Structure formats: C-alpha cells, structure tokens
Amino acid sequence: MYLPPHDPHVDDPMRFKPLFRIHLMERKSATVECMYGHKGPHNGHIQIVKKDEFSTKCNQTDHHRMSGGRQEEFRTWLREEWGRTLEDIFHEHMQELILMKFIYTSQYDNCLTYRRIYLPPSSPDDLIKPGLFKGTYGSHGLEIVMLSFHGRKAKGTKITGDPNIPAGQQTVEIDLAHPLQLPDIENLRDFSELSRIVLEVQEQVRREEQEQEHQQEEEDRSQQAASQPAAKPLGEEGAEGEETAAGAEGTTQDKAPASQPFVLPMGVISRNEDYPRTCRICFYGTGLIAGHGFTSPERTPGVFVLFDDDRFGFIWLELKSFSLYSRIKVSFQNAQAPSREAFDEMLKNIQSLAT
C-alpha cells in the first residue's frame, strides 16, 4: 500500500507499507502471507474475483492485536498514519474524525477487495497532464484525487474518501470556459472582493445554462413541427456553438500570463501555509460538500488555482478553506517486482488454487 505523506506535507513522497506477499513453493503450489500488524507474516488467502479485481483475507487476525488492547493499537496507528500523538491534536472535531477513521479501517483486518484504477487519457490540449494528486482536506488529512479533463470541464475524483465525501465522488469540477481574473495582490487579501468575483461568474454560468436549456427546448419544438425532409439537422447549430466555445477556450489559455502574484485572502484557512506565491491561471469551479455519511451533498462555488505542472489549489468559498494538491510521482522502488515469467507462473498457480 502506498499511503499519503503526513498531513499537511503534500510535496513529501508517498509512504510504502506491505500488506501481503505470495511465495511460490512448487509449480502447482503457492502460499499467501498477511503482512498486516506488528507480529510478523502469518497465514492469509487471496482470491481472484473477476477481471481487474481480487480480494485478500487474513486467516489469523489475532496477529493484528496488541497486548495493550485497542488503545495501544489506536495510538500506534495514529503515529504511523498521522505522524503525531493524541496529545498533539487539540481540536475536538479533528479527534472525532480521526477516531472514526480508525474504527472504520481497523474493522477490516486486511480482508479487503482491490480494484484496478485506470488513469485518465492525456491530450496535448489538456491544461496540465492528468493523473493522481495528494490533497489537503482540513481535519480529514491528506487524500488522493484523480484529475481528468473532459473538453470544457476538468474533474477531480476522490480515490480515497472520508466520513463526509466517500471515494468515487467528484470532489471538484473546474469550468475551463470561465477563467477568473484575480484582483491585484492587495485587493486579493480581501475575501469579500474574491467572493464578489466568484459569485458574479456563478450567476453568469447559471444564466448561460438557462439559455442553453431554453435553446434546446426551442430546437426540440422546431424539430417536432418540421415536416420537410430538407429541414436543418438537429444539433448543427449546437455543434457550431461548441466549436466557437472550444476555440474561445483555447484562446483564453493561450493568452494566460506566465505567472501572476497569488496570496490567500484573509480568513481563508489552509492546512499548508507553504503554498506557491505565484500562479498561472485561475478558473471558476465547484466543490462537493456534505455532512457525515454523505448526507445533504451539494456543490458550492470555488476557485481553481493552477500553480504549475504538478501543483494546483482550490478555494472552497463557503467553507473559507483552501486545499493544496501535489502530483504523485511514485517509482515503486521499494516494491520487489518478480520477472514476467515468474509473475505469469504465480498468477496461474493462484488461479488454479481459486478454482
């Protein structure tokens, strides 16, 4: 398992933690060992569920227990997962969230299901190269997000989740058709000024969406009423509009300055104060927030800030919070990969054991 660095150090490398290992004993035999816990390797099991999916099971979960009970397990987990002790965490809400995460993750005892992650395709027109990023999420600590591009939109999808927003949800959406012109550095310190700019763009986006819906309704009615074969094909006008919009998007990015001064407005909370003080370009976007258990989810306005090819940020306007994201650059140097022939043989052995 590759774990994020300790909060809030997003630029630090990922941390390596072995969870299981497979031994080839002879041609038709293989053993699986669970590496979870602090008592050394012990008996485990692997099952291939379907394509791109397998599951692991520990057969000796007593090896995961500590002599000091759950309290010792929690304190050990806290040092490894967060790099701190319980006495270091003064905020009651953060203590509650951390305890919830420990209870949730420890109950599985390394009996887990793994699914392959397909990274998004890359295009020369993308703002930056898509991929996986480490991001700060307040009291939730660091989480992994996958950035992908979809024409006039960019999306950040959670790979790891938390009690509020689970994995698989779209945490941020960036509207590449609506770049933001930030005020000068002094006015940028004023949160109300940034809020005014963002809310004006939000209203503009709302009007454009209403106009598009109205235009689509008109086209649908015209199509239904048309009786001549030579009627204008449905969607032709929309295609022209898309081409114009795409051209405008490219022009916007081409004309973007190389860099501009950047500072967080007063009152905006950031876990990491070591964020870049210059940025390339900013866009209007929305961020997903919800209560515990993913209750009452809603998309709220925010600002996507592109710093460089490997770092970006998002200002959550309603939360007055800032998330900093840094690209994951993992070479997997700690993993001892078998040869291709040995791996193929291992896979055959596990498949024969599963059947």
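So, here's what we can say about the structure. No experiment lies behind these values; they were computed from the predicted model shown. (Residues numbered from 1 in each chain as written. Predicted model: local features only at pLDDT ≥ 70, side-chain atom pairs only at ≥ 80, totals over all residues. Heavy atoms only, no water.)

**With respect to the sheet that holds strand 7 (residues 112-115)**
Argument step 1. Pairing in this open sheet of five strands is antiparallel, and the strands run 3-4-5-6-7 from one edge to the other. Only two strands of the sheet have a single partner each, and these edge strands are strand 3 (20-26) and strand 7. Adjacent strand axes in the sheet meet at a mean angle of 35° when their direction is disregarded.
Argument step 2. As paired elements, strand 4 (residues 29-34) and strand 5 (residues 42-50) share two bridges and run antiparallel to each other. Each bridged residue has a counterpart across the sheet, and for cysteine 34 the counterpart in strand 5 is histidine 42. (Pairing = 2+ DSSP bridges. Helix = DSSP H or I, 4+ residues; strand = E, 2+ residues; numbered from the N terminus. Axes fitted to C-alpha atoms, helices over the stretch in contact; angles between N-to-C directions.)

**Describing the pattern of salt bridges**
Note on pairing: side chains with opposite charge can pair once their charged atoms come close.
Argument step 1. A full pass over the atoms with the stated rule returns 23 salt bridges.
Argument step 2. With a closest N to O distance of 2.4 Å, aspartate 7 and arginine 271 form a salt bridge. Placement of the pair is aspartate 7 in the loop between strand 1 (2-3) and strand 2 (15-16) and arginine 271 in the loop between strand 13 (269-270) and strand 14 (278-279), with a sequence separation of 264 residues.
Argument step 3. A relative accessible area of 6% places aspartate 7 in the buried class. (Salt bridge = Lys/Arg side-chain N within 4 Å of Asp/Glu carboxyl O. Buried < 20%, exposed > 50% of the residue type's maximum accessible area, 1.4 Å probe, protein only.)

**Structural notes on the packing of aromatic side chains**
Argument step 1. Applying the stated criterion to the full structure yields 18 aromatic pairs.
Argument step 2. Between tyrosine 137 and tryptophan 316, the ring centres sit 6.3 Å apart and the planes meet at 65°, which makes this aromatic pair edge-to-face. Taken together, the residues span a long stretch of sequence, with tyrosine 137 in the loop between strand 8 (131-136) and strand 9 (142-150) and tryptophan 316 in strand 17 (residues 311-316) at a distance of 179 residues. Judged on exposure class, the residue tyrosine 137 and its partner tryptophan 316 are both buried.
Argument step 3. The interplanar angle of 80° and the centroid separation of 6.5 Å between the aromatic rings of phenylalanine 307 and phenylalanine 322 together place this pair among those described as edge-to-face. On the criterion of sequence distance, the pair formed by phenylalanine 307 in strand 16 (residues 295-308) and phenylalanine 322 in strand 18 (residues 321-327) is long-range, its members being 15 residues apart.
Argument step 4. Under the relative-accessibility criterion, phenylalanine 307 is labelled buried at 5%.
Argument step 5. An aromatic cluster is defined as three or more aromatic residues linked by ring pairs; in this entry it consists of Phe133, Tyr137, Phe304, Phe312, Phe314, Trp316 and Tyr325. (Phe/Tyr/Trp six-rings, centres within 6.5 Å; stacked < 30°, edge-to-face > 60°.)

**Thoughts on the side chain of asparagine 110**
Argument step 1. Here asparagine 110 is to be found in the loop between helix 2 (92-106) and strand 7.
Argument step 2. Taking the relative accessible area as the measure of exposure, asparagine 110 reaches 4% and is therefore buried.
Argument step 3. Among the polar contacts made by the side chain of asparagine 110, one reaches the main-chain carbonyl oxygen of leucine 19 at a distance of 3.0 Å.
Argument step 4. Those residues in contact with asparagine 110 that sit more than four places away from it in its chain are Leu19, Cys34, Tyr36, Thr56, Lys57, Cys58 and His64. (Polar contact = N/O pair within 3.5 Å; in protein donor to acceptor, adjacent residues only side chain to side chain. Contact = heavy atoms within 4.5 Å.)

**Examining helix 4 (residues 191-225)**
Side chains that are three or four residues apart share a direction in an α-helix, a result of its 3.6 residues per turn.
Argument step 1. Between its first and last C-alpha, helix 4 extends 51 Å over 35 residues, near the 51 Å set by a 1.5 Å rise per residue.
Argument step 2. When we look at burial in helix 4, the residues that qualify are Phe191, Leu194, Ser195, Ile197, Val198, Val201, Val205 and Glu219. (Expected span 1.5 Å × (residues − 1).)

**Things to note about the state of the cysteines**
Argument step 1. For the structure on display, the rule yields zero disulfides.
Argument step 2. Among the cysteines around cysteine 58, which has no disulfide bond, cysteine 34 carries the closest sulfur, lying 3.9 Å off.
Argument step 3. Just so you know, cysteine 282 is unpaired, no disulfide at all, and the nearest cysteine sulfur is the one on cysteine 279, 4.0 Å from it.
Argument step 4. Residue cysteine 282 is classed as buried on the basis of its relative accessible area of 0%. (Disulfide = S-S within 2.5 Å.)

**Side note on the environment of methionine 35**
Argument step 1. The residue methionine 35 is located in the loop between strand 4 and strand 5 in this model.
Argument step 2. With 23 residues separating them in the primary sequence, methionine 35 and cysteine 58 have C-alpha atoms 9.1 Å apart.
Argument step 3. Excluding its chain neighbours within four sequence positions, the residues that come into contact with methionine 35 are Pro18, Leu19, Phe20, Arg21 and Pro41.

**As for the packing of helix 1 (residues 69-82) against helix 2**
Argument step 1. At a minimum axis separation of 11 Å, helix 1 and helix 2 run at an interaxial angle of 105°. One way to sum up the angle between helix 1 and helix 2 is to call them roughly perpendicular. Residues Arg70, Glu73, Phe74, Trp77, Leu78, Glu81 and Trp82 of helix 1 pack against Met94, Ile98, Leu99, Lys101, Phe102, Thr105 and Ser106 of helix 2.
Argument step 2. Here the residues of the contact of helix 1 with helix 2 sort into eight nonpolar, two polar and four charged. (Parallel < 35°, antiparallel > 145°, perpendicular 65-115°, else oblique. Nonpolar A, V, L, I, M, F, W, Y, C, P; charged D, E, K, R; others polar.)

**A word on unusual backbone geometry**
Argument step 1. Cis geometry marks the peptide bond from aspartate 7 to proline 8; its omega dihedral reads 5°.
Argument step 2. Position of proline 8 relative to the elements: it lies in the loop between strand 1 and strand 2.
Argument step 3. In the Ramachandran plot, aspartate 52 falls in the positive-phi region, its phi being about 65° despite a non-glycine side chain.
Argument step 4. When you line up the elements, aspartate 52 lands in the loop between strand 5 and strand 6 (53-58).
Argument step 5. Taking relative accessible area as the criterion, aspartate 52 reaches 24% and is therefore assigned partly exposed.
Argument step 6. Even without being a glycine, asparagine 110 presents a positive backbone phi close to 65°.

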